[in-house]
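# Reading the structure
Letter by letter, the chains look like this.
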Amino acid sequence: MVKVMSVRSPWVICLLVVGVAGAWAQGGPDPVGMLGWDLARAFEELGVPERVEAVRGEEAWQDDVAFVYGEGLVLFFWRERVWQVFVGEGYGGGVAGIEVGMAWEEAEASVEGRLLQEEGEIAVFELPDRGFPVRMQVLRKAGRIEGVYVYRADF
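Reference entry: report on the structure contained in this document. Within each chain, residues carry numbers counting from 1 in the order of the written sequence. pLDDT decides what is reported in this predicted model: residues at 70 or higher carry local features, side-chain atom pairs at 80 or more are listed and counted, and totals for whole chains, interfaces and linings draw on all residues regardless. Note that the side-chain values use all heavy atoms of the structure and ignore hydrogens as well as water.

### A short note on the pattern of salt bridges
So the rule is basically this: Any Lys or Arg side-chain nitrogen found within 4 Å of a carboxyl oxygen on Asp or Glu counts as a salt bridge. Where helices and strands are cited, they refer to DSSP runs of H or I of at least four residues and of E of at least two residues respectively, numbered from the N terminus. Summary of the burial criterion: residues with accessible area below 20% of their type's maximum are buried, those above 50% are exposed, and those between are partly exposed, where the area comes from a 1.4 Å probe applied to protein chains only.
Inspection of every chain in the model, using the stated rule, returns eight salt bridges. Two residues, aspartate 30 and arginine 130, come together in a salt bridge whose shortest N-O distance is 3.4 Å. Taken as a pair, aspartate 30 in the loop between helix H1 (10–25) and helix H2 (31–34) and arginine 130 in the loop between strand E6 (122–127) and strand E7 (134–141) lie far apart in primary sequence, 100 residues in all. The class for aspartate 30 is partly exposed, based on a relative accessible area of 37%. Looking at arginine 130, the relative accessible area reads 43%, which means it is partly exposed.

Below, the structure written as structure tokens:
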């Protein structure tokens, strides 16, 4: 007789969390490719989020639900689809040729997109079209990449 562990078992949950964290340290899924994911795909690829938050926009229609996967990855949903992804320290993977912690000069030279706007510590790039327009907002601090948002620009 084979004994089957319940998914609710604390040991199974710990192994799943450690497995996801280990995969991220080696580079997780492409954040640009996450745009358009539905809820089922997010759960399938990333598991259950650490927490779920409501994010209030300036207008009522701009409110989002955010799935927070540790400090390094946040998926923003509008209705049932991911429209924006944030990548910060701890994710372990790059976005369109750059990585968090990279020097700005190196990032600017290797980014897979065209610079649209640069103001203070924020730069916005147009990325290759994926059937919808994609933008990337890069946050800098002291000459290094601190975080990256990729988003559908048609929202």
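Okay, back to it.
### Re the side chain of glutamine 84
Rules: Whether two residues are in contact is decided by their heavy atoms, any of which lying within 4.5 Å being enough.
The residue glutamine 84 is located in strand E4 (residues 81–88) in this model. With a relative accessible area of 12%, glutamine 84 lands in the buried category. In contact with glutamine 84, not counting residues within four places along its chain, are Leu35, Val74, Leu75, Phe76, Tyr149, Val150 and Tyr151.

### Some thoughts on the pairing of E7
How we decide: A strand pair is defined by DSSP finding two or more bridges across the two strands.
E7 sits mainly inside the fold: six of its eight residues count as buried. Bridge count for E6 against E7 is six bridges, and the pairing is antiparallel. Following the sheet pairing, isoleucine 122 is matched in E7 by leucine 139. The sheet contact formed by E7 and strand E8 (residues 144–152) spans eight bridges and is antiparallel. Bridging across to E8, valine 138 finds its partner in valine 148. The hairpin formed by E7 and E8 contains two residues between the paired strands, and alanine 142 there has a positive phi angle of roughly 55°.

### A short note on a nonpolar patch on the surface
Applicable threshold: Each patch is built from salt-bridge-free residues with over 30% relative accessible area, joining like charges within 9 Å and nonpolar side chains (Val, Leu, Ile, Met, Phe, Trp, Tyr) within 5 Å. Methods summary: accessible areas were calculated by the Shrake-Rupley approach with a probe of 1.4 Å, and residue burial reflects only the protein chains presented.
A cluster of nonpolar side chains, namely Leu39, Phe43 and Val48, defines an oily patch on the protein surface of about 280 Å² accessible area. With respect to the secondary-structure elements, phenylalanine 43 resides in helix H3 (residues 39–46).

### Let's talk about the sheet that holds E7
As a general point, the strands of a sheet are linked pairwise by backbone hydrogen bonds and lie either parallel or antiparallel. Short version of the rule: What counts as an axis is a line fitted to C-alpha atoms, over the stretch in contact for a helix, and the angles between N-to-C directions run from 0 to 180 degrees.
One open sheet accounts for eight strands, arranged E1-E2-E3-E4-E8-E7-E6-E5; its pairing is antiparallel. Looking at the sheet topology across the chains shown, the edges are occupied by strand E1 (51–55) and strand E5 (114–119). Across this sheet, the average inter-strand angle for adjacent strands is 20°, counted without regard to direction. Sheet analysis places strand E2 (residues 64–69) next to strand E3 (residues 73–78), joined by five bridges and oriented antiparallel. In the strand pairing of E3, valine 68 is matched with valine 74. Contacts from H3 reach E2 and E3, with the element oriented near 165° to E3.

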